[in-house]
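What follows is the residue order along each chain.
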Amino acid sequence: MRMKRLILTMSVLVAALTMSAQDEVLQKYSDMGDMNTTVVTKRMLKNLPLEQFNLPYLSDLIDRIDNMKILVSRGDKAGKALGTKLPGQLSGKGFKTVLTTKKDGSDITVLQSKKDPNSVVILMYKKPQAIAASLKGDFSDIEDWKLGEEE
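Residues numbered from 1 in each chain as written. Predicted model: local features only at pLDDT ≥ 70, side-chain atom pairs only at ≥ 80, totals over all residues. Heavy atoms only, no water.

Cis rather than trans, the peptide bond between lysine 127 and proline 128 has omega equal to 0°. Its location among the elements puts proline 128 in the loop between strand E5 (119-126) and strand E6 (129-137). (Helix = DSSP H or I, 4+ residues; strand = E, 2+ residues; numbered from the N terminus.)

Below, the structure written as structure tokens:
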């Protein structure tokens, strides 16, 4: 019985640490003075006008999202940092790039955690502004989706 509790405790700890890697990186940007941060739960998604974020692929993923955190840069310094440094920082924390494309002059990057495939980050960067959405939900099969492709 003690061994089961120990294993369960360790499993929870490992899961918390892997989830916190993504949150840790994004928290650094949230703490910047010229960054707006919005946290949205599944319940709130129904009432949220997604077009206000102008974030590609968000409407394609909406049914799979449990919660999300959206960071929007207000200043040039924060936008440049978020747009240029975030993909590398997430890659260093175990994320892989699922999609990179350009849309309406913006660089779009979709990254997914290798350890927790249900964690995805969408980054849109159009100098000097950037938007990042950290999504938690059912994204285990995201590589099979046709994001950015015409069907």
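Take the environment of lysine 96 next. In this fold, lysine 96 is placed in strand E3 (residues 95-103). Accessibility expressed as a relative area gives 29% for lysine 96, which makes it partly exposed. Sequence separation of lysine 96 and valine 120 is 24 residues, and the distance between their C-alpha atoms is 9.6 Å. (Buried < 20%, exposed > 50% of the residue type's maximum accessible area, 1.4 Å probe, protein only.)

A word on the environment of leucine 135. Residue placement: leucine 135 occurs in strand E6. Between the C-alpha atoms of leucine 135 and asparagine 67, which are 68 residues apart in sequence, the distance is 6.1 Å.

Note that every value here comes from positions in space, so none of it alone points to a role or purpose.
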